[in-house]
Amino acid sequence: MKQMKIFSVLMKKQLTEYAAALTVNMRGGKTAKSASLSGALLVIVLIFIGAGCSLFAMMLKLCEPLCTAGFERLYFIFGGILAFSFGVFGSVFAAKAQLYDARDNELLLSLPIKPWLLILTRMSGLYLMQLLFCLVVLLPNALAYIIFIGATPAFLVNLILMLIFFPALTLSFVCLLARMAALIPARGANKSLLAAAGATIFIILYLYVYLQLPALLQSFVDNAESLFSAGRLLFVFDWFAGALTGNYVDALLFILLSVLLLAVVTRLLAAGFLRTALKCNDTARTAKPTRGSYSRRRLGSALFMRELTHLINCAPYMINCALGSVMLLAASVFALVKLDDARAILEPLETLGISPLLITAGIIMFILSMNILTAPSISLEGKGIGQLKALPLRAFDIVAAKLKLHYVITLPPLVIGLAAATAVLRPNIAEASVMIFAMISYAVLCGLFGMILSLKLPNFNWVNETVAVKQGLSTMLAIFGQWGLILLSWLLYSLLYNIAGDVVTILILALIYSSASAILIYYMYKKSETIFYHY
């Protein structure tokens, strides 16, 4: 009875933290306006609906040929594997952060709370995340089947059971991977770089699969018989598929395996949780200073190195906020290696009257919108904001160091991307000049926009850095604000293109970006002191 009461209190704390990310203004501790909350929830819902619609379109292409050929089981095996992949790769880093990197682990473990209760609470929160990922895949998978084949009572009953217990299966593997990552005997920087490298490889593979998707789907249908034989060897997904074809025995076997596996993983995590969690949180205190750690630096250089060290040692920050640089480099390499293919992609646009220069600029701007290093930078100071304010520093110097980090990470890949774009488009000097001017001006403006949002909308009440990076209002507004700017730029281009032409229109956009950047710099110089020292 006592343990259940403790568990209910811990669950209430966990749910309150989730809700606070959307409902509380972390700067003033006041409840956010209902309009802000509704807007944030609407954005989240639209993201999941968009992902679900994309997957539904893919499922429609697979369902009819597979099910009419008698491969209903293979269709559901494919859906199960896809849902499992989404759940595991979509939340493995969040799982490690929530289980082992939470800053209140030491406090909670110092209280008379059993480790297994703390693990169970954290896993309950992760289960909700897995449920969302699974719903995004399994609902389109089931809906396409209902449209083409229909729904029997057995299918509907087993579908509900699978939606409940499938997240338990993915949760077990996610927690195991999180524990393995926590046990890697590496320094913080090395762990972060390994995590970033893993995420980069996954993104490259994802982009490759996405680009080759029509051919892969056709190949999947053509080789359905051999794939079906191989798929049945994956007995867990075969039981899942059997359940959705109306087999109650397969449904029971899948449920038993999922529950048993989750129980074993929970017991395993609880057994070593105290030692592993304290080891993760103790990294900073036990790190030995290296030669040159205390070498003298100028103020600006010292603050910049502080920001760079934070980026290198924080995997969520590196993965979620510097993705644009990685994708821009990957796109540049593709364009330079496959020069003829890149030109072949753009040639049909000219016949349709669409400027290749506009499309290339739009692609670069969209990729740059994934670099949001400044947006969560103030929030990442966390409870240490008081120590930073106690130092004899100007707020503008602190802000300038964060901006410098954004530009150091963003501008070199942008220059390489512009060089690749020039090689593909072969523009004249005027077109190349205004293109370079506009893209650099846009990159500068995005960094400043994120910095203003970070100053105005900080979130200091977080228990792990993933929350500060991914769930902050400043981060969300930075991404969608940049997308809105891209849309407005396209509208203005559409209005002026026929009148002024490519070069003049892009030059006007570049001047607008530059003017907006100058205004934001002036605003930060005048107001950063007041804003920063009133937190």
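In the block above lies the structure referred to throughout.
A short tour of the structure in this document, coming up. Source: prediction; values computed, not measured.

Structural notes on the packing of aromatic side chains
Next up, step 1: Using the criterion set out here, one finds 14 aromatic pairs in the structure.
Next up, step 2: Here the aromatic rings of F84 and F237 are separated by 5.7 Å at their centres, their planes lie at 80°, and the arrangement is edge-to-face. Here the residue F84 occupies a position in helix 3 (residues 72-99), and F237 occupies one in helix 10 (residues 235-244), the gap between them amounting to 153 residues.
Next up, step 3: Under the relative-accessibility criterion, F84 is labelled buried at 19%.
Next up, step 4: Seen from their ring centres, Y145 and F155 are 5.2 Å apart, and the 35° between their planes marks the pair as tilted.

Comments concerning helix 22 (residues 473-532)
Next up, step 1: In this model, helix 22 (60 residues) spans only 17 Å end to end at C-alpha, well below the 88 Å of a helix rising 1.5 Å per residue.
Next up, step 2: At G501, helix 22 is deflected by roughly 125°, the largest bend along its length.

Details of the pattern of salt bridges
Next up, step 1: Going through the model one piece at a time under the given rule, you end up with seven salt bridges.
Next up, step 2: A salt bridge links R306 to E307; its shortest N-O distance comes to 3.0 Å.
Next up, step 3: Of the residues examined, R306 reaches a relative accessible area of 34% and is grouped as partly exposed.
Next up, step 4: For the salt bridge of R394 with D397, the shortest nitrogen-to-oxygen distance reads 3.0 Å.
Next up, step 5: Here the salt bridges share partners, and the residues they tie into one network are R306, E307, E381 and K402.

What to know about a nonpolar patch on the surface
Next up, step 1: A contiguous nonpolar surface patch, about 480 Å² in accessible area, is contributed by L143, I146, I147, F148, I149 and L156.
Next up, step 2: The biggest single contributor to the nonpolar patch is helix 5 (residues 115-148), with four residues.
Next up, step 3: For L143, the location among the structural elements is in helix 5.

Calculation criteria
- Residues numbered from 1 in each chain as written.
- Predicted model: local features only at pLDDT ≥ 70, side-chain atom pairs only at ≥ 80, totals over all residues.
- Heavy atoms only, no water.
- Phe/Tyr/Trp six-rings, centres within 6.5 Å; stacked < 30°, edge-to-face > 60°.
- Helix = DSSP H or I, 4+ residues; strand = E, 2+ residues; numbered from the N terminus.
- Buried < 20%, exposed > 50% of the residue type's maximum accessible area, 1.4 Å probe, protein only.
- Expected span 1.5 Å × (residues − 1).
- Bend = angle between axes of the 7 residues up to and from the residue.
- Salt bridge = Lys/Arg side-chain N within 4 Å of Asp/Glu carboxyl O.
- Patch = residues over 30% accessible without salt bridge, like charges linked within 9 Å, V, L, I, M, F, W, Y side chains within 5 Å.
- Areas by Shrake-Rupley, 256 points an atom, 1.4 Å probe, with all protein chains shown as cover.

Shape is all these values report; function is a separate question.
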